[in-house]
Every structure is written in C-alpha cells, then in structure tokens.
Amino acid sequence: MATTTPRSKKRPWELISEDEVNNSNNNKHASFSPCSQPASNTTHSSSPGLDWNYLKAIDQTQADYLPTPFSPSDRLHYTGEYSDQPPLKGDTDLGEFTHWVLARVKRMAVSNTISHMITDPHLSAKWTITPNTQYKDRTRCFKEIKLGITPTTNHEAAYAQMCGIVLPPEQSCIDCQAKKGKFQHCVVVPGYLNGACANCHYNSAGRKCSHRPAITKRPKLNDVSAANPVSIFNSLVNLVAEQQTYLGEMLRRLEGMLLQVLESSKRLEGMLLQVLESSKRLEGMLLQKVESSRRSEGILLQMVDVPKNNNAAYVPRYYKEQANLNSTQPHKGHV
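These numbers were taken from a predicted model, which means no experiment stands behind them.

Calculation criteria
Residues numbered from 1 in each chain as written. Predicted model: local features only at pLDDT ≥ 70, side-chain atom pairs only at ≥ 80, totals over all residues. Heavy atoms only, no water. Helix = DSSP H or I, 4+ residues; strand = E, 2+ residues; numbered from the N terminus. Buried < 20%, exposed > 50% of the residue type's maximum accessible area, 1.4 Å probe, protein only. Areas by Shrake-Rupley, 256 points an atom, 1.4 Å probe, with all protein chains shown as cover. Patch = residues over 30% accessible without salt bridge, like charges linked within 9 Å, V, L, I, M, F, W, Y side chains within 5 Å. Salt bridge = Lys/Arg side-chain N within 4 Å of Asp/Glu carboxyl O. Contact = heavy atoms within 4.5 Å. Core = buried A, V, L, I, M, F, W, Y, C linked by side-chain atoms within 4.5 Å. Polar contact = N/O pair within 3.5 Å; in protein donor to acceptor, adjacent residues only side chain to side chain. Phe/Tyr/Trp six-rings, centres within 6.5 Å; stacked < 30°, edge-to-face > 60°. Lys NZ or Arg CZ within 6 Å of the ring centre and 35° of its normal. Axes fitted to C-alpha atoms, helices over the stretch in contact; angles between N-to-C directions. Parallel < 35°, antiparallel > 145°, perpendicular 65-115°, else oblique. Left-handed = near helix turned anticlockwise from the far one by under 90°. Nonpolar A, V, L, I, M, F, W, Y, C, P; charged D, E, K, R; others polar. Pairing = 2+ DSSP bridges. Expected span 1.5 Å × (residues − 1).

J.: What exactly am I supposed to notice about the overall build of the protein here?
T.: A count of helices and strands for the protein gives nine helices and six strands. When each of the 335 residues of the protein is scored for burial, the buried share is 29%. As displayed, the protein offers around 23,500 Å² of accessible surface, 54% of which is attributable to carbon and sulfur atoms.

J.: Would you mind going over a nonpolar patch on the surface with me for this structure?
T.: Together, Leu251, Leu254, Met257 and Leu258 make up an exposed nonpolar region whose accessible area comes to about 420 Å². Mapped onto the secondary structure, leucine 258 falls in helix 8 (residues 229-303).

J.: Is there a simple way to explain the environment of histidine 155 in this structure?
T.: On the secondary structure map, histidine 155 appears in helix 5 (residues 152-163). When the C-alpha positions of histidine 155 and valine 110 are compared, they lie 7.6 Å apart, and in sequence the two are 45 residues distant. Other than its neighbours up to four places away in sequence, histidine 155 contacts Arg104, Val105, Met108, Val110, Ile114, Leu147 and Gly148.

J.: I tried to follow unusual backbone geometry on my own but got confused; where do I start?
T.: The phi torsion of most residues other than glycine is negative, and most of the peptide bonds are trans. Even without being a glycine, arginine 138 presents a positive backbone phi close to 60 degrees. Looking at the element boundaries, arginine 138 is found in the loop between strand 1 (133-136) and strand 2 (139-142). Using a relative accessible area of 85% as the deciding quantity, one classes arginine 138 as exposed. One non-glycine residue with positive phi stands out, namely serine 204, at about 60 degrees. Accessibility expressed as a relative area gives 38% for serine 204, which makes it partly exposed.

J.: Help me out: how do you make sense of the nonpolar core in this one?
T.: Generally speaking, soluble globular proteins have nonpolar side chains that are buried together. Val101, Met117, Ile129, Tyr159 and Met162 are the most contacted members of the largest nonpolar core, which has 28 residues in total. When residues of this core are traced back to their parent elements, those giving at least two are helix 3 (94-108), helix 4 (112-119) and helix 5.

J.: Before we go on, may I ask you to explain the side chain of glutamine 161 in this structure?
T.: With respect to the helices and strands, glutamine 161 occurs in helix 5. For glutamine 161, the side chain forms a polar contact with the main-chain oxygen of histidine 185, separated by 3.1 Å.

J.: Looking at this structure, how should I read the packing of aromatic side chains?
T.: The geometry of two aromatic rings is summed up by the distance between their centres and the angle between their planes. By the definition in use, this model includes three aromatic pairs. Aromatic side chains tyrosine 82 and tryptophan 100 sit 5.9 Å apart centroid to centroid with 40 degrees between the ring planes, which places their arrangement in the tilted category. One end of the pair, tyrosine 82, is in the loop between helix 2 (52-56) and helix 3; the other, tryptophan 100, is in helix 3, and 18 residues separate them in sequence. Their ring planes at 85 degrees and their centres at 6.1 Å tell us that phenylalanine 183 and tyrosine 202 sit as a pair that is edge-to-face. Taken together, the residues phenylalanine 183 in the loop between helix 6 (174-177) and strand 4 (187-188) and tyrosine 202 in the loop between helix 7 (198-201) and helix 8 connect sequence positions 19 residues apart. On the accessibility criterion, phenylalanine 183 (1% relative accessible area) is buried. A cation over an aromatic ring shows up here: arginine 104 above the ring of tyrosine 82, its NZ or CZ 4.1 Å from the ring centre.

J.: Just checking my understanding: could you explain the environment of isoleucine 118 for this structure?
T.: For isoleucine 118, the position within the fold is in helix 4. Along the sequence, isoleucine 118 and valine 105 sit 13 residues apart, while their C-alpha atoms lie 8.9 Å from each other. Contact partners of isoleucine 118, with chain neighbours within four places excluded, come to Val105, Lys106 and Tyr159.

J.: Can you help me understand the packing of helix 4 against helix 5 in this one?
T.: If you want to describe how two helices pack, look at the angle between their axes and the distance between the axes. Helix 5 packs onto helix 4 with a crossing angle of 20 degrees between their chain directions and a minimal axis gap of 9 Å. Here helix 4 is positioned roughly parallel relative to helix 5, judged by the angle of their axes. Here helix 4 runs over helix 5; the crossing is left-handed. Counted together, Thr113, Ile114, Met117 and Ile118 of helix 4 and His155, Glu156, Tyr159, Ala160 and Cys163 of helix 5 form the full contact between these two elements. Taken together, the residues of the contact of helix 4 with helix 5 break down into six nonpolar, two polar and one charged.

J.: For this particular structure, what's the right way to read the pairing of strand 2?
T.: Taken residue by residue, a regular strand's side chains alternate between the two faces of the sheet. Alignment of strand 1 against strand 2, held across four bridges, turns out to be antiparallel. Residue pairing in the sheet places tyrosine 135 in a bridge with arginine 140 of strand 2. In textbook terms, the turn of a hairpin is the stretch between consecutive antiparallel strands, and for strand 1 and strand 2 this stretch comprises two residues, one of which, aspartate 137, has a positive phi near 55 degrees.

J.: Teacher, can you tell me more about helix 5 here?
T.: Count 3.6 residues to each turn of an α-helix, and residues three or four apart come out pointing the same way. The terminal C-alpha atoms of helix 5, which comprises 12 residues, lie 17 Å apart, in line with the 16 Å expected from a rise of 1.5 Å per residue. Counting buried residues along helix 5, 12 of its 12 residues qualify, which places the element largely inside the surrounding structure. Taken together, the buried positions of helix 5 are occupied by Thr152, Thr153, Asn154, His155, Glu156, Ala157, Ala158, Tyr159, Ala160, Gln161, Met162 and Cys163. Looking at the packing, one finds that the buried side of helix 5 touches helix 3, helix 4, strand 3 (165-166), strand 4 and helix 7.

J.: Would you take a moment to explain the pattern of salt bridges for this structure?
T.: A pair can form between side chains of opposite charge whenever their charged atoms are brought close. Summed over the entire model, instances satisfying the criterion amount to three salt bridges. A salt bridge links glutamate 249 to arginine 252, with the nearest nitrogen and oxygen atoms 2.7 Å apart. Residue glutamate 249 and its partner arginine 252 are both found in helix 8; the two are separated by three residues, about one turn of the helix. Using a relative accessible area of 7% as the deciding quantity, one classes glutamate 249 as buried. Assessed through its relative accessible area of 48%, arginine 252 is described here as partly exposed.

Here you go:
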C-alpha cells in the first residue's frame, strides 16, 4: 500500500518561504537576450524578463532608431498647467511639448515611483517624446497623451520615455512592434515599471508587456500562494501614499476653483452695480422725456383752440383772428 506524505498545516502567508522569495527576486535579473520573443501561441506571462547588463551596453548615441535628443532650455518656461500646454501639430512641436510634459510631471508628482525617478541621480531627461500617429477625420495626427491626476502610470510612462533605454526595433516588445502604444519607441528603465516598457506601462497595462518578468505579474485573487504579508503591507503603504497625493492635488485644484468662483462673483457683482446705475440714469432720461412731452403738449394746446363741443371741428386761433380782422376792415371799393 502506497504511503502518502501528510500535508503540513501552514497558514496562507507561510506558503512561501523566505528562500523561495529570495530565489524569485534573484531570478528577476537573470540573463535573458532581449531579442528572443515568445512564440505566437504562448502568453506574455512566460517571459523571464530582460538582461539589464546587456541593455546598458546598447549604443544610445549614434543609432538611427533613436529619438531626437532633448536638453531642457531656460527660455521655455512652462508651469505644467493645461492652460499653457503647447499645440502638438507637427514634428517641430515635439521639443516644446516635451518641455511641458517634464514641467507637468515634476509639478504634480502623482506617485512615489515618479518622485523616486525624478530624484534618481542616474536618470535625466535626454529624449524627446515622440507619440505614435493616427488618422482622425482623414487627417494624420499624433495620439493624445493624457496626463491628468489618474492614472499615475501615465506620468511614469511619459517620464520613462524621456530618461530610459531605447530598444532597437527588432528587440522591442510585441505591442511596440505592432504600434499599439502611445509612443513610437520601446523604452525601458532599469529598476522601475516592474520591468515593463513605458509604452505598455501607460494606462496601467504593464502586465501585458512581453518584456515584463513573470515573477512580477499581478497574481490572481484566488491564488493563495501569492499572499505575502510584506508585499501586501508595502502595497497598502504605497496605495495610501498615492491616495494622499491624489487628495492633496484635488484639494489644491478645488481651492483654485473656489477662488476663481469668488473672483467671478465679484466681477458679476460689479457688473450688476453698473447695470443698476445705468438703469437709474435711463429712468432719469425717461422722466425728462415725459416732462418734455408734457410741455410740448401744453404748447400745442395753446396753439390750437379746442371747442367744448367734441362734435365741432377744431378751428385754429390764428384763422379766427384773421377772420375777425377781415370783418372789421372796410373794403377797398367803399369810401
């Protein structure tokens, strides 16, 4: 009779030992050729990740696939508000658009990840952001890069596009080769974005990137073996910090909106006072017109003799005086 090994009664958070966690962390940076792509019938979750040592040795100076180099200029002063966002109509506008994106990302700092990337001494903005193109109303235009308060991954992806490692076209991820992302280049940042490229990280879709290691894939809710109290606690801390940043930005925007409403109400009050003053002046002018019309009516009544009998015809006083004068004077033929 075959003997069965009794199961050890472990709690859910004890299912993964510390050795297993350390081994999984060491496997994140295992050597992997970026040129190898999973087969068409395999999923992205089977990707072991990128070989960062190999990527750091890629030429980022003279390759023809690289975007336009970017260097911040002091003559362009952008606050990062939507009000001063420059138009993006052609390739000549990409430089100013990148300046505005850099100002907006630094101003908002919507997540801890983007704050760490900005303060990282090994990272700096060196590439011009080049969005992918699309046809809208039969017109070729750039895809819109949305940098609101949420999702925070949009800010992280935009800054990664400026400071990361640009992969050659043949080593780009599957979605970047298919031109499915917002950006034209497949850019990765060592130590950030869970190993995914910035294009896939946009809109919180980094789990679909074929370069993202399988160990960093988001576990399913029913996968009890993925329960790690340390990672859960860190995720909760990051979530609370991101929500605090989000609420702080919302409160600042709400305060700005209230100040604008107060200023508008003051301007409206001034306009109403001007309208009231104009109405008073108009009332005075109307009273003057009424008084003038009454005086004119009196003058006309003096010029015209109105009989008491309403049925009688009106006879002007001038004609009556002329008739009386003619009746008193003798005719020329009489002596």
